[in-house]
Amino acid sequence: MPGLIGKKIGMTSVFGADGKNIPCTVIEAGPCVVTQVRTVEKDGYAAVQLAYGEKKEKQTSAPLMGHFKKAGTTPKHKLVEFPMDFNGEIKLGDTVTLTDVFTENVAFVDIVGTSKGKGFQGVVHRHHFQGVGGATHGQHNRLRHPGSMGASSWPSRVFPGMRMAGHMGNQRVKVFNLQVVKVIPEHNLLVVKGSVPGAKGSYVIMEA
């Protein structure tokens, strides 16, 4: 299995073999349930859909309830498809655990998450602008403003992609090659070096 769905528990630190204190993120990885199997003959590509996180039946739509009942499992919050050539060894309703993905030879992992939402922010916070001019020389309430956005005569418009104030955060972020510090299979916990995008309790996707 190339990946797994999990939940960010929080951050901690551990001491390495050299005595250095390593900042780490703790992730609850799985167990996940196989809710759909894609085949080349039927769907045109090979993939496995995994589901994770318990959800109430009254909060689940009727089509999804039928989807989960077909797999013989309870409703789940997160559904993710992982492309892979499984050769028939994975079946509908199977459970994928932490040790099925992260074996001893897996030293690094790519993690996908949704960054924390910061709301509507100005250009100084969002794009690290320095600000307009100094705090003196007669300027008034312009220090954290963006300044000029383009010429007024031609083209008389603002080009697309101009860095301006707006919605910050709450975006899909992928972090590559995070070192696997520790695997705790009895508690379904994965400890990786460094930070992982998202708030505590948010869902993350791990790709070995």
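Structure: see above.
Every value quoted in this text rests on a predicted model; they were computed, and no experiment measured them.

K.L.:
How would you summarise the overall build of the protein chain if you had to cite specific residues and measurements?
P.N.:
Of the regular secondary structure elements, the protein chain holds 4 helices and 12 strands. For 208 residues, the compact-globule estimate of 2.2 N^0.38 gives 17 Å, and the protein chain exceeds it by more than 25% at 23 Å. Based on the C-alpha atoms only, the size of the protein chain along its principal axes is roughly 70 × 50 × 35 Å. Of all 208 residues assigned to the protein chain, the portion counted as buried reaches 33%.

K.L.:
Lay out the environment of Ala51 in plain terms, naming residues and giving numbers.
P.N.:
Mapping Ala51 onto the fold places it in strand 4 (residues 47–54). For the pair formed by Ala51 and His77, sequence separation is 26 residues and the distance between their alpha carbons is 7.3 Å.

K.L.:
Run through the side chain of Thr60, naming residues and quoting values.
P.N.:
Assignment of secondary structure puts Thr60 in the loop between strand 4 and helix 2 (62–71). Among the residues examined, Thr60 registers a relative accessible area of 10% and is labelled buried. From its side chain, Thr60 meets the backbone oxygen of Lys56 in a polar contact 2.9 Å long. Thr60 has contacts with Lys55, Met65, Phe68 and Pro75, leaving out every residue within four places of it along the chain.

K.L.:
For helix 2, give the residues involved together with the corresponding values.
P.N.:
Two residues of an α-helix separated by three or four positions point the same way, owing to the 3.6 residues in each turn. Of the positions making up helix 2, those classed as buried are Met65, Phe68 and Ala71. Down the axis of helix 2, the sector holding all buried residues measures 125°, keeping them to one side. Opposite its buried face, helix 2 presents the exposed residues Ala62, Pro63, Lys69 and Lys70, each directed more than 90 degrees away. The inward-facing, buried residues of helix 2 contact strand 3 (32–38), strand 4 and strand 5 (76–83).

K.L.:
Go over the sheet that holds strand 2 (residues 21–29), please, and point to the residues and values.
P.N.:
Here 6 strands make up a closed barrel; going around it, the order is 1-2-11-10-7-12 and the pairing antiparallel. Along the sheet, successive strands turn relative to each other by an average axial angle of 50°, direction set aside. Relative to strand 2, strand 1 (residues 3–15) is paired through 9 bridges, and the arrangement is antiparallel. Residue pairing in the sheet places Val14 in a bridge with Ile22 of strand 2.

K.L.:
Describe the pattern of salt bridges, with residues and values.
P.N.:
Tallied over the entire structure, the rule returns 4 salt bridges. Glu81 serves as the salt-bridge partner of Arg38, at 2.8 Å between the closest nitrogen and oxygen. On the criterion of sequence distance, the pair formed by Arg38 in strand 3 and Glu81 in strand 5 is long-range, its members being 43 residues apart. Lys174 is paired through a salt bridge with Glu207; the nearest N and O atoms lie 2.9 Å apart. Of the two residues, Lys174 is situated in strand 10 (residues 172–184) and Glu207 in strand 12 (residues 203–207); the sequence distance between them amounts to 33 residues. On the accessibility criterion, Glu207 (24% relative accessible area) is partly exposed. A single network of salt bridges, built from pairs that share partners, joins Arg38, Asp43 and Glu81.

K.L.:
Outline the sheet that holds strand 3, supporting the account with residue identities and numerical values.
P.N.:
Spatial strand order, 5-4-3-6: 4 strands in an open sheet with antiparallel pairing. Edge positions in the sheet fall to strand 5 and strand 6 (95–96), since each has one partner strand and no second. Here strand 3 pairs with strand 4 via 5 bridges, running antiparallel. The residue bridging Gln36 from the neighbouring strand is Gln49, located in strand 4. Helix 2 rests against strand 3, strand 4 and strand 5 of the sheet, and its axis sits at about 100° to strand 3.

Analysis parameters
- Residues numbered from 1 in each chain as written.
- Predicted model: local features only at pLDDT ≥ 70, side-chain atom pairs only at ≥ 80, totals over all residues.
- Heavy atoms only, no water.
- Helix = DSSP H or I, 4+ residues; strand = E, 2+ residues; numbered from the N terminus.
- Rg over C-alpha atoms; globule rule 2.2 N^0.38 Å.
- Buried < 20%, exposed > 50% of the residue type's maximum accessible area, 1.4 Å probe, protein only.
- Polar contact = N/O pair within 3.5 Å; in protein donor to acceptor, adjacent residues only side chain to side chain.
- Contact = heavy atoms within 4.5 Å.
- Arc of directions from axis to C-beta.
- Pairing = 2+ DSSP bridges.
- Axes fitted to C-alpha atoms, helices over the stretch in contact; angles between N-to-C directions.
- Salt bridge = Lys/Arg side-chain N within 4 Å of Asp/Glu carboxyl O.

Treat this as a map of the structure, not an account of what it does.
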